[in-house]
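# Commentary on secondary and tertiary structure
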Amino acid sequence: MEWKDLPTPCYVVDEALMEKNLEILKGVMDRTKAKILLAQKAFSMFELYPLIGRYLTGTTASGLYEARLGYEEMVLPLNRQGKQCENHVYAPAFREDEMNEILKYSDHIVFNSIKQAEKYAKKAKALGKEVGLRINPECSTQEGHAIYDPCAPISRLGVTQESFLEKCSRDGEEWLGQIDGLHFHTLCEQDADDLEKTLSEVEEKFGRFFTKLKWLNFGGGHHITKPGYDMETLEKCIKGIQEKYGLSVYLEPGEAVALNAGFLVTTVLEIVHNGGDIAILDTSAACHMPDVLEMPYRPPLAGSGNPGEKTWNYRLGGPTCLAGDIIGEYSFDVPLKEGDKLVFEDMAIYSMVKNNTFNGMPLPAIILKEKNGNYRLIKKFGYADFKNRLS
């Protein structure tokens, strides 16, 4: 397939750009001996799992279905080829009726509370699984996005120091014999200075227990593949924990794996005027890039400028009935016209995994741009995909 033949809307993931990110992550692993996992919640295009698995340690999941996907599409095939891949799973609470299947597909299971660990850890250990506990260091480093801050007040995510120490006081520290590692996840698209700050709090509040453990998981949100990222501080944090406590270190970025490696291609359907020029596209912020409204943010658009920067200004919006289905304000060197193709950048992450069919909107096709420059259709969606998720 050539560029001119791409159906729109469509997600295009660039294999060469993905591999560039993976090489950066593999470099961190090689220099520090840390283990890096793909967080499937950000990127679950399993067509590329064989490629990702050749570079990384494995996957991490947020529940049963992601755990099964990672197992079937990365862990099992690569294990058969002789590479040991790991499959981790964490959830704020696990369903009892799913636990047997979750343990079938996962080799590391991380619990969100002491109560959940007490309920399931013995069963997991009896099956030879590694058991972790998520902790909450109560150290907020994010600004302006409380929805993505696990350390915000009254957070449901992770065990606080108070709860942890209460358990130790009540039952003694012997209960830690069921726990192989601790997990914290506090970052979102952040640099290593915030990791360093958080890690200091983690060590101060929980460090005296580290000698009883095998590993510490730094979670995700590390923007490792973003230009200018402070790699030196990241690696200092990793090596410091390894050398001081003899722990293995895990990281589980999702965005960093596919950062700037994907695009959303869309076509201009109509130009209307209502106090300004408005371009209606065949893609929707609400359906195809929900983070634009949730975060919110203005996604980068190839060849465009900020409002007023270039000659022709447009508000770009989707074709749904939602009045707020607005992607953003952009300017262009030449006027837009019906049939023009526009390319939104950095659309591999949190797009395919979060899209929906509100208003009966078709899901974008999924295209792989191969390293030889060819475009290959991976999946095209139709009416059945819309109908079958309803009743």
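Anything mentioned here points back to the structure above.
Residues numbered from 1 in each chain as written. Predicted model: local features only at pLDDT ≥ 70, side-chain atom pairs only at ≥ 80, totals over all residues. Heavy atoms only, no water.

## Digging into the overall build of the chain
- Secondary structure assignment for the chain yields twelve helices and 16 strands.
- Against the globule reference of 21 Å for 391 residues, the chain gives a C-alpha radius of gyration of 22 Å, in line with a compact fold.
- Here the C-alpha coordinates of the chain stretch approximately 70 × 45 × 40 Å along the principal axes.
- Buried residues in the chain amount to 53% of all 391 residues.
- Contacts in the chain between residues far apart in sequence, at least 24 positions, make up 68% of those at least 6 positions apart.
- Of the accessible surface of the chain, which amounts to about 17,900 Å², a share of 49% is contributed by carbon and sulfur atoms.
- Averaging the positions of the 45 positive and the 57 negative side-chain charges in the chain gives two centres separated by 6 Å. (Helix = DSSP H or I, 4+ residues; strand = E, 2+ residues; numbered from the N terminus. Rg over C-alpha atoms; globule rule 2.2 N^0.38 Å. Buried < 20%, exposed > 50% of the residue type's maximum accessible area, 1.4 Å probe, protein only. Contact = heavy atoms within 4.5 Å. Areas by Shrake-Rupley, 256 points an atom, 1.4 Å probe, with all protein chains shown as cover. Lys, Arg positive; Asp, Glu negative; His and termini not counted. Charge placed at Lys NZ, Arg CZ, Asp CG, Glu CD.)

## Some points on the packing of aromatic side chains
- Using the criterion set out here, one finds 13 aromatic pairs in the structure.
- Residues Phe94 and Phe111 carry aromatic rings whose centres are separated by 5.7 Å and whose planes lie at 80° to one another, so their mutual orientation is edge-to-face. Taken together, the positions of Phe94 in the loop between strand E4 (86-91) and helix H4 (99-105) and Phe111 in strand E5 (residues 108-111) put the pair 17 residues apart, joining distant regions of the chain. Judged on exposure class, the residue Phe94 and its partner Phe111 are both buried. (Phe/Tyr/Trp six-rings, centres within 6.5 Å; stacked < 30°, edge-to-face > 60°.)

## Some details on the pattern of salt bridges
- Per the counting criterion, the structure on display carries 28 salt bridges.
- Between Glu19 and Lys371 there is a salt bridge, and its shortest N-O distance comes to 2.8 Å. A residue pair is termed long-range when its members are at least 10 positions apart, and Glu19 in helix H1 (residues 15-32) and Lys371 in the loop between strand E15 (365-369) and strand E16 (375-379) qualify at 352 residues.
- On the accessibility criterion, Glu19 (12% relative accessible area) is buried.
- When its relative accessible area of 52% is taken as the criterion, Lys371 is described as exposed. (Salt bridge = Lys/Arg side-chain N within 4 Å of Asp/Glu carboxyl O.)

## Remarks on the sheet that holds strand E7 (residues 181-183)
- The eight strands lie next to each other as E2-E3-E4-E5-E6-E7-E8-E9, forming a closed barrel whose pairing is parallel. Strand-to-strand twist of the sheet, defined as the mean angle between neighbouring strand axes without regard to direction, takes the value 25°. (Pairing = 2+ DSSP bridges. Axes fitted to C-alpha atoms, helices over the stretch in contact; angles between N-to-C directions.)

## A look at the environment of Gly58
- Looking at the element boundaries, Gly58 is found in strand E3 (residues 58-61).
- For Gly58, a relative accessible area of 0% translates into the label buried.
- Dropping the residues within four chain positions of it, Gly58 is found in contact with Ile36, Leu37, Leu38, Met74, Cys85 and Glu86.

## Section: a nonpolar patch on the surface
- Judged by side-chain polarity, Leu293, Leu322 and Phe358 come together as a nonpolar surface patch covering roughly 230 Å² of accessible area.
- Here Leu293 lies in helix H11 (residues 291-294). (Patch = residues over 30% accessible without salt bridge, like charges linked within 9 Å, V, L, I, M, F, W, Y side chains within 5 Å.)

## Brief notes about helix H3 (residues 64-80)
- Of all bends in H3, the biggest is about 45°, found at Tyr71.
- The set of residues buried in H3 consists of Leu64, Glu66, Ala67, Gly70, Met74, Val75 and Leu78.
- Buried positions along H3 lie against strand E2 (35-39), helix H2 (49-55), E3, E4 and H4. (Bend = angle between axes of the 7 residues up to and from the residue.)

## Some points on the pairing of E16
- Pairing geometry for E15 and E16, over four bridges, is antiparallel. The partner of Ile366 across the bridge, within E16, is Lys379.
- Counted between consecutive antiparallel strands, the loop separating E15 from E16 contains five residues, among which Gly373 sits at a positive phi close to 95°.

## A closer look at the nonpolar core
- Counting residues in each nonpolar core, the largest one holds 99 residues, and the members touching the most others are Ile52, Phe164, Phe218 and Leu316.
- With six residues, helix H8 (residues 231-245) is the largest single contributor of residues to this core.
- With residues near it in sequence (within four places) discarded, Phe164 still touches Ile114, Leu133, Ile135, Val159, Trp175, Leu176, Leu182, Phe206 and Phe209.
- Core analysis: the next-biggest nonpolar cluster, separate from the first, contains eight residues, Val265, Val343, Ile367 and Tyr375 among them. (Core = buried A, V, L, I, M, F, W, Y, C linked by side-chain atoms within 4.5 Å.)

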